[in-house]
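# Survey of secondary and tertiary structure
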Amino acid sequence: MALVATRTFYVGTNTWLSTSVDSIAKIKVPEKMTRSDIVPQPTTMPAGFEGLCDDAWSWEPQVPEPDFSQLEVAGIKNRSVMFHPTWSRGTVAVRATRPIDKHGIHYWEVRISDRLFGTSMMFGIGSSKTRLNLYDFINVLGENEHSWGLNHKGMLWHDGVNRPFTEAFAENTPTTVGILYCRGTLTYYRDGKCLGVAFKGLEKYEGDLFPMIASTAAKTEMVLGATKREYYSLQDRCRAVIASCVSEAKDCDRLKLPTRLTEYVKEFHPA
């Protein structure tokens, strides 16, 4: 009897599922999901940053280029990205749906399924000038001055220059990468362990910066885990409390608040 190959995917808070399907996008999502399924909690919150609130962003779908359909953004709230669903023709990168506050604090986690291999799988940050699709196998995050990245081989890249940072990730092993942005400083974590400060001075960059991921390898999948940020104001804290009591953004209409307040709560509702 032929063996059925299985793969491991992240499908909810601290939950991994082994299945024979080739993409998390094909896993049937329960009609009634808990808030913890929609808003995953961090594997390990960096010390001193436990008071951050949930952030509200996911991965930005791309319009497929002719003869270069190399990306599927799907899953719960568009948190899952399948790179090169058939075979790989080059490098693909994905941006977050909203930029970070360059003078603020943000933390997010990217959970990689067991297919961890290839020329380059990257995690980092970049501007709208960062290339998203190219017919070449390169370390795209950090190829120029518009992005910063860490690849799965443990190398940091920025402005076309690389340097050793940590040991290579174990291939074909599920891994969680945490990224802490703190007022211009970028720190990496792997499976809850702090790897150290990677980059400084990002707050000086002129223009918006977005969380980004990239891959050259076929059928590799990354899922956005926890997304956290600092509160901007007392008003923002009040909004977070209200949002935590509402399962989904669309349910905010039932709060019978003034229209402007309803839209304000919806704007950063993580679900």
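Up top is the structure.
Structural notes, computed from the coordinates. Everything numeric here is computed off the predicted structure, so don't read it as measured data.

## Observations regarding the pattern of salt bridges
- Counted under the stated rule, the structure contains eleven salt bridges.
- When the shortest N-O distance is used, the salt bridge between Glu-109 and Arg-111 registers 3.0 Å.
- Salt-bridge contacts for Glu-263 lead to Lys-266; the nearest nitrogen and oxygen are separated by 3.9 Å. On the criterion of helical spacing, the pair formed by Glu-263 and Lys-266 is a turn pair, its members being three residues apart in helix α3 (residues 259–267).
- Residue Glu-263 is classed as partly exposed on the basis of its relative accessible area of 44%.
- When salt bridges with common partners are traced through the structure, they connect Asp-55, Arg-229, Asp-236, Arg-239 and Glu-267 into a single cluster.

## What about the side chain of Ser-147?
- The topology assignment puts Ser-147 in strand β10 (residues 147–151).
- You can call Ser-147 buried: its relative accessible area is 0%.
- At a separation of 2.6 Å, a polar atom in the side chain of Ser-147 contacts the main-chain amide nitrogen of Gly-142.
- Sequence-distant contacts of Ser-147, defined by excluding residues within four places in its chain, comprise Ile-125, Gly-126, Thr-130, Val-140, Leu-141, Gly-142, Trp-157, His-158 and Asp-159.

## Some words on unusual backbone geometry
- Here Asn-78, not a glycine, exhibits a phi torsion of approximately 55°, which is positive.
- The topology assignment puts Asn-78 in the loop between β4 (71–74) and β5 (80–83).
- Look at Asn-78 and you get partly exposed, because its relative accessible area is 29%.
- A positive phi angle is found at Lys-219, which is not glycine, with a value near 55°.
- For Lys-219, a relative accessible area of 31% translates into the label partly exposed.

Cut-off values and rules
- Residues numbered from 1 in each chain as written.
- Predicted model: local features only at pLDDT ≥ 70, side-chain atom pairs only at ≥ 80, totals over all residues.
- Heavy atoms only, no water.
- Salt bridge = Lys/Arg side-chain N within 4 Å of Asp/Glu carboxyl O.
- Helix = DSSP H or I, 4+ residues; strand = E, 2+ residues; numbered from the N terminus.
- Buried < 20%, exposed > 50% of the residue type's maximum accessible area, 1.4 Å probe, protein only.
- Polar contact = N/O pair within 3.5 Å; in protein donor to acceptor, adjacent residues only side chain to side chain.
- Contact = heavy atoms within 4.5 Å.

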